[in-house]
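The primary structure of each chain is shown beneath.
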Amino acid sequence: MSTHQQWQASWIWHDHSPIAIKEGEHEKVYFRRKFQVPDVSPVKLVIHVSADSRYRLYVNGKSVAVGPCKGDRHTHYYETVDATKFLVKGTNLLSVMVLHFTTSEPFKVGAGGPTSIWRANTGAFFFEGVLENQVDRTTARMVSDEEWLCLKDESLSFYPGRKVSYVGGVERVDGSLIPHGWLEAGYDDSHWKPAVIVSDAYDPTYGQLTPWPLTPRPIPMLFEEERTFRAIVWQEGEGEGETAVFLAQNRQIDDGSEGYKLMPGQAMMLELDAGELTTGYLQVAFSGGRGGTARILPSECYEDEPESGGERNKGIRDDSSKRILFGEEDIYRVAGTGNVAEHKLEIYEPFWFRTFRFVRLRFEAGDVPLVVHRLHYRETGYPLEVKARFQCSDESLQPLWEISINTLRRCMHETYEDCPYYEQLQYAMDTFLQIVFTYHLSADDRLARKAIFDFHSSQLPNGMLQSRYPSVLPQIIPGFSLYWIMMVYDHYRYYGDKQLVRSYLATMDALLDWFACRLDHLGLVGAMPPMYWSFVDWVEQWHDHAGVPPASQQGPLTVYSLMYAAALQYAATLNESAGRVSTAEEYTSRAEAVKEAVRLHCWSAERQLFRDGPATEDYSEHVQIWSVISGTVKEQQARALIVTMLQDDALAKVSYAMSYFWFRALSMAGLYERAFEKWETWRRLVRLNLTTWVEDPISQRSDCHAWGAVPLYEFTAEILGVKPSAPGFQRIRVAPQPGYLKWAKGEVATPHGNVKVEWQMDHSDTFILAVDGPPRIPVEIVLPNGEKMELPEATSFKTIVKLSK
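A brief look at the structure comes next.

1. Overview of the sheet that holds strand E33 (residues 743-748)
Phase 1 of the analysis: Spatial ordering of the open sheet is given by E28-E33-E34-E35-E38, a layout of five strands whose pairing is antiparallel. Since the sheet does not close on itself, it has two edges, and those belong to strand E28 (389-392) and strand E38 (797-802), each with one partner. The mean angle between the axes of side-by-side strands here comes to 5 degrees, regardless of whether they run parallel or antiparallel.

2. Section: the packing of helix H3 (residues 446-457) against helix H4 (residues 478-495)
Phase 1 of the analysis: Between H3 and H4, whose axes approach to 10 Å, the crossing angle comes to 145 degrees. Note that H3 runs across H4; the crossing there is left-handed. Here H3 contributes Arg 449, Ile 452, Phe 455 and His 456 to the contact with H4, which in turn contributes Trp 484, Met 487, Val 488 and His 491.
Phase 2 of the analysis: When the residues that make up the contact of H3 with H4 are grouped by side-chain class, the tally is five nonpolar, two polar and one charged.

3. Brief notes about the environment of Gly 721
Phase 1 of the analysis: Position of Gly 721 relative to the elements: it lies in the loop between helix H13 (711-719) and strand E31 (722-726).
Phase 2 of the analysis: The exposure class of Gly 721 is buried, given its relative accessible area of 1%.
Phase 3 of the analysis: In the structure, Gly 721 is positioned 60 residues away from Phe 661 in sequence and 17 Å away in space, judged by C-alpha atoms.
Phase 4 of the analysis: Contact partners of Gly 721, with chain neighbours within four places excluded, come to Thr 716, Arg 733, Val 734, Ala 735 and Pro 736.

4. Points about the packing of aromatic side chains
Phase 1 of the analysis: Counting across every chain of the model gives 61 aromatic pairs.
Phase 2 of the analysis: When the ring of Tyr 421 is compared with that of Tyr 422, the centres are 4.8 Å apart and the planes differ by 65 degrees; the resulting orientation is edge-to-face.
Phase 3 of the analysis: Tyr 421 sits in the buried class, given a relative accessible area of 7%.
Phase 4 of the analysis: Residue Tyr 422 is classed as buried on the basis of its relative accessible area, which comes to 3%.

5. A look at the pattern of salt bridges
Phase 1 of the analysis: Considering all chains together, one arrives at 48 salt bridges under this definition.
Phase 2 of the analysis: Taking the shortest distance from any N to any O, the salt bridge between Arg 32 and Asp 189 comes out at 3.1 Å. With Arg 32 in strand E2 (residues 27-37) and Asp 189 in the loop between strand E12 (170-174) and strand E13 (193-194), this pair connects stretches of sequence that are 157 residues apart. Each member of the pair Arg 32 and Asp 189 is classed as buried.
Phase 3 of the analysis: For the salt bridge of Glu 300 with Lys 314, the shortest nitrogen-to-oxygen distance reads 3.6 Å. With Glu 300 in the loop between strand E20 (293-299) and strand E21 (302-304) and Lys 314 in strand E22 (residues 313-314), the pair connects residues that are 14 residues apart, well separated along the chain.
Phase 4 of the analysis: For Glu 300, a relative accessible area of 4% gives the class buried.
Phase 5 of the analysis: Note on Lys 314: relative accessible area 9%, which makes it buried.
Phase 6 of the analysis: Each of Glu 225, Arg 227, Glu 276, Glu 379 and Arg 410 takes part in a single network of salt bridges with overlapping partners.

6. Describing the sheet that holds E22
By way of backbone hydrogen bonds, the strands of a sheet pair with one another, either parallel or antiparallel.
Phase 1 of the analysis: Strands sit in the order E22-E21-E23 across an open sheet of three strands; the sheet is antiparallel. Edge positions in the sheet fall to E22 and strand E23 (324-325), since each of these pairs with one other strand and no more.
Phase 2 of the analysis: Here E21 runs beside E23; their pairing, made up of two bridges, is antiparallel. Residue Tyr 302 lies in a different strand from E23, and its bridge partner there is Leu 325.

About the criteria used
Residues numbered from 1 in each chain as written. Predicted model: local features only at pLDDT ≥ 70, side-chain atom pairs only at ≥ 80, totals over all residues. Heavy atoms only, no water. Pairing = 2+ DSSP bridges. Helix = DSSP H or I, 4+ residues; strand = E, 2+ residues; numbered from the N terminus. Axes fitted to C-alpha atoms, helices over the stretch in contact; angles between N-to-C directions. Left-handed = near helix turned anticlockwise from the far one by under 90°. Contact = heavy atoms within 4.5 Å. Nonpolar A, V, L, I, M, F, W, Y, C, P; charged D, E, K, R; others polar. Buried < 20%, exposed > 50% of the residue type's maximum accessible area, 1.4 Å probe, protein only. Phe/Tyr/Trp six-rings, centres within 6.5 Å; stacked < 30°, edge-to-face > 60°. Salt bridge = Lys/Arg side-chain N within 4 Å of Asp/Glu carboxyl O.

Right, here's the structure in full:
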């Protein structure tokens, strides 16, 4: 169904009035509608559904859809689901829970709901279902209108997170105010009121846009899979029963057969280990216990006492002897509706998924006994299908591969995310890297296409792109906008989609013109506007400047000029592919002029390095690697520059975020054998018992940032050596980089199918290479000694060559 669908449904809500403009006052509304399914003929039910701001849809008590997919003011997504398997003969029930986040104080972080979720100034729900008779093909439509019943929730309030501020706050829920049983057809909803229409789907006459321009969801639904915790790390308190019930696998939680019982006034606390950092919907089941409380604190890791300056102090992440779990609590007041005799338990589940490796629970009984039956969770995330694999002679590299996969998974939901615990925001630099990692791991570009569109949609009237998007709180990091051009360029390299390229050329032109207008009298990209954040990398020497090179205080940043030059060259390639030859030539000419300006004004003959700015004696690895990537220096000059860089310990070093480009520069300079020493940085993190990669080497914040999942690219594209040699992988290049390794093997995903590579080096320097690629796809083989082979295809190809020393 396209955006041109002639909708019959309307947007409905519980009333016409806007929500209270008060911190924390989001609105949660329940909707119900019954319908009949005939006994005589099979039927099919296809549903189109959306809401502002979030919803969960149930058919006969079964969850069938969660959304809407994250969009913005001009793109409001709807989901389409086939709900046929959930139908029963006779009476059926549609139930929906909608949560609208307040629009109050959007610039006060944590006060207005999740920063990444767009919302209008009123909540709304949209539903259009088509019930089709499979025999005579007659159809009946069910639409959101006044026939739906609704009830405004009074149980839930949100408190702005003070530690985890961008994801919308934590919950305080009074279970006695929840309409328990509302998912059941027999529930008495006589006190509910008819819904109110707040808007048509669209204006068919005058073209006035509603706050919700409906667009089909472009990515698959997130998966939800039942999980239980692996271990109880610690416990204390009163009560009776086995706390092992919290670890019971696949046990029916409503059978009442087990539980941990707290008598009036008793309390207990325990900490559970999920085994690895994950994302999921936490759920607790109770019986009895009216007036008791449950507190749930999800956390990434255990921590030591803060350092003298108050800064967090992480170390071995699963060392529970440290007893400190950082995080914020959801608090639930038990209603006491759970009844074992009736095989019904009271369930509490926070509306939004949580990120955790460890969870601390505290239960307190009130005036009556409270029985806790289980805590479990439904893992959720983007359905990433891992098709690639990797093994090599150095066993210490294997954990790097596995941890990288887990890190990438946890930062993929309805967008790519910088981190799932703190922000859940899609940043351009992070996203560029995550996209490349995804291509090599799965060849799935659906989330990448959405990300490219998202950042295109973020463009300001002056041409600049926002650094993170979707976001209700705009932010600009000028360098991040250039990563978007690299996203489009890489998509063309991997998929060869010229139509996608053409659709974004105007956006690209406007962005590059923004930089062109800021060239100074030296021909360099000048100082950035003070209202923008000129972030480059989280580096120790730049920590006091929030990741901005201090050279920015004295004028232009060399790295921004080099990144601009590289982006111009990528844009030139894309324009040429689209037939805009003159524009391609113009961009190439602009790039050459900027590179010449860098050579003239930023080169230090004494240090044989490029300076961080034309008026400073600060130096960093960042400027050197971007001078190679941009082609400002080439061949022997590039090699000499990288050698000098590697020998100079005084340089500001790249962090995990920029390490991908560090590896690229070494590869382009023909020095990739020197890159293997870099893996010790990741090995140190493994020794901390991390299950995902940290944000940076300086702060003690996020334990899950996928820009550190660099092994996914390096192991597949460099060690195994598989890259596109022509747009869309219409030609495959296999050029292994053995380094010190004795053997490596694995598979790399491409749009045409996997490429299997296996190589080994024996003691006599004999190199044995086997490649098995998709049929009818030409392959270029480049051996470690530089020898090349051209093959019409590489199905079961094998070669043995003696490498000269």
